[in-house]
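# Overview (structure and organization)
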Amino acid sequence: MNTMTLWHISGWEFAALAFAALLVGFSKTAVSGANTVSLAVFAAVLPARASTGVLLPLLIAGDVLAVATYRRHAHWPTLWRLFPAVAAGVVIGTLFLVRADDGVVRTSIGAILLLMAGVTLWRRRTADRPDAPDKVTTRAGRAKAGSYGVLGGFTTMVANAGGPVMSMYLLSAGFRKLGFLGTSAFFFLIVNLSKVPFSAGLGLIDGNSLLLDAALVVFVVPGALIGRWAVHRINQRLFEQLVIAATILGGLQLLLR
């Protein structure tokens, strides 16, 4: 069966989805948050709710490639602090998806992303230097991890948009480039795998969506390779600026759609 006929998409629309899949790979190994563009493309070409089910397996493929590339740089104490709050956020996001329409979902997530970007910019202007990841173990640090974790779980469940939220947390916690990428790689691989049964239960992942994924996953690999090449040519300051800019862009496109 022809995948494009099954989804009633044209050649140009498939090309747009292929480019978005390439961006998924790039975002996982270079600039986290760039896949907010992918989210927008998938939602524009496919039905909004169905697009999240198609995108999730592609994100998992990108996560696997990112873990293979940056596994030695992950900071596990941070991950263990985040996971309980993220699990709560995923459950809240599932309940929210059952009741909320696409417009409410987009507006809520767009507002959250812009708020997180604003808070991060404010903290970077007022702080002498960010805390090292090992030092974010105070009561305030745990509270921050919990709040970002719930928001990250919520946004990743309802729209695969948890990347910008967690990017803001990792930047505010003082992660350098490779530590940032290694920690986020393991984080999203585990979180995205945990979302599969929820998405399947909501009917977002089925045989049709997996058939389209099979045609698109080949584009994730070159995107990841390009990202791996590019990340060593981006200095820390530019890396952080690109992450924040991608977050603001993602929030705006969700609010303005």
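Further up the page is the structure itself.
Fair warning: this is a prediction, and the values are worked out from it, not measured in the lab. (Residues numbered from 1 in each chain as written. Predicted model: local features only at pLDDT ≥ 70, side-chain atom pairs only at ≥ 80, totals over all residues. Heavy atoms only, no water.)

Let's shift gears to the overall build of the protein. The number of helices and strands found in the protein is 12 helices and zero strands. Starting at the N terminus and walking to the C terminus, you meet the elements of the protein as α-α-α-α-α-α-α-α-α-α-α-α. Out of the 257 residues belonging to the protein, those deemed buried represent 53%. The long-range share in the protein, meaning contacts at least 24 apart out of those at least 6 apart in sequence, stands at 86%. On the protein, roughly 11,400 Å² of surface is accessible, and the fraction owed to carbon and sulfur atoms is 67%. (Helix = DSSP H or I, 4+ residues; strand = E, 2+ residues; numbered from the N terminus. Buried < 20%, exposed > 50% of the residue type's maximum accessible area, 1.4 Å probe, protein only. Contact = heavy atoms within 4.5 Å. Areas by Shrake-Rupley, 256 points an atom, 1.4 Å probe, with all protein chains shown as cover.)

The next point concerns a nonpolar patch on the surface. On the surface, Trp76, Trp80 and Ile190 cluster together into a nonpolar patch covering about 330 Å² of accessible area. Counting through the fold element by element, Ile190 comes out in helix H9 (residues 177–201). For Ile190, a relative accessible area of 36% puts it in the partly exposed group. (Patch = residues over 30% accessible without salt bridge, like charges linked within 9 Å, V, L, I, M, F, W, Y side chains within 5 Å. Salt bridge = Lys/Arg side-chain N within 4 Å of Asp/Glu carboxyl O.)

Running from N to C, helix H4 (residues 48–70) and helix H10 (residues 207–216) point in directions that differ by 45°, and their axes come no closer than 9 Å. In this view, H4 runs oblique relative to H10, as classed from their interaxial angle. As for how H4 packs across H10, the hand of that crossing is right-handed. Where H4 approaches H10, its residues Gly53, Val54, Pro57 and Leu58 are matched on the opposing element by Ser209, Leu210, Leu212, Asp213 and Leu216. (Axes fitted to C-alpha atoms, helices over the stretch in contact; angles between N-to-C directions. Parallel < 35°, antiparallel > 145°, perpendicular 65-115°, else oblique. Left-handed = near helix turned anticlockwise from the far one by under 90°.)

For the structure shown, the criterion picks out eight aromatic pairs. Between Phe83 and Phe187, the aromatic rings sit 5.9 Å apart at their centres with planes inclined by 0°, giving stacked as the arrangement. With Phe83 in helix H5 (residues 76–99) and Phe187 in helix H9, this residue pair connects regions lying 104 residues apart in the sequence. Overall, the relative accessible area of 15% leaves Phe83 in the buried class. Looking at Phe187, the relative accessible area reads 3%, which means it is buried. The structure contains a cluster of three or more aromatic residues connected by ring pairs, namely Trp76, Trp80, Phe83, Phe186, Phe187 and Phe188. (Phe/Tyr/Trp six-rings, centres within 6.5 Å; stacked < 30°, edge-to-face > 60°.)

Between side chains of opposite charge, pairing is possible as soon as their charged atoms come close. On inspection of all chains with the given rule, the structure shows one salt bridge. Residue Asp63 is joined to Lys28 by a salt bridge in which the shortest nitrogen-to-oxygen separation is 2.7 Å. One end of the pair, Asp63, is in helix H4; the other, Lys28, is in helix H2 (residues 11–29), with 35 residues separating them in the sequence. This pair shows no difference in class: Asp63 is buried, exactly as Lys28 is.

With 68 residues, the main nonpolar core has Phe42, Tyr169, Phe180, Phe187, Leu212 and Leu216 as its most contacted residues. With nine residues, H4 is the single largest residue contributor to this core. Discounting residues that sit within four places of it in the chain, Leu216 has contacts with Phe14, Leu17, Ala18, Ala21, Phe42 and Leu58. (Core = buried A, V, L, I, M, F, W, Y, C linked by side-chain atoms within 4.5 Å.)

Another aspect to go through is H10. Every buried residue of H10 is accounted for by Ser209, Leu212, Asp213 and Leu216. An end-on view of H10 places all buried positions within 105° of arc, on one side of the element. For H10, exposure combined with an orientation more than 90 degrees from the buried face picks out Gly207 and Ala214. (Arc of directions from axis to C-beta.)

Turning our eyes to something else, we now look at the environment of Ser184. For Ser184, the location among the structural elements is in helix H9. Ser184 gets classed as buried once you look at its relative accessible area, which sits at 9%. With 21 residues separating them along the chain, Ser184 and Gly163 place their C-alpha atoms 8.3 Å apart. Polar side-chain contacts of Ser184 include one of 2.9 Å to the backbone oxygen of Phe180. (Polar contact = N/O pair within 3.5 Å; in protein donor to acceptor, adjacent residues only side chain to side chain.)

So, on to the side chain of Asp213. Among the secondary structure elements, Asp213 is positioned in helix H10. Look at Asp213: it is buried, it has no salt bridge, and the nearest opposite charge is Lys195 at 12 Å. Discounting chain neighbours no more than four positions away, the residues touching Asp213 are Gly53, Val54, Pro57 and Leu58. (Lys, Arg positive; Asp, Glu negative; His and termini not counted.)

Mapped onto the elements, Thr94 comes out in helix H5. On the basis of relative accessible area, Thr94 is assigned to the buried category, the value being 13%. Reaching out from Thr94, the side chain makes a polar contact with the backbone oxygen of Val90 at a distance of 2.9 Å. Dropping the residues within four chain positions of it, Thr94 is found in contact with Met157, Phe198 and Leu202.

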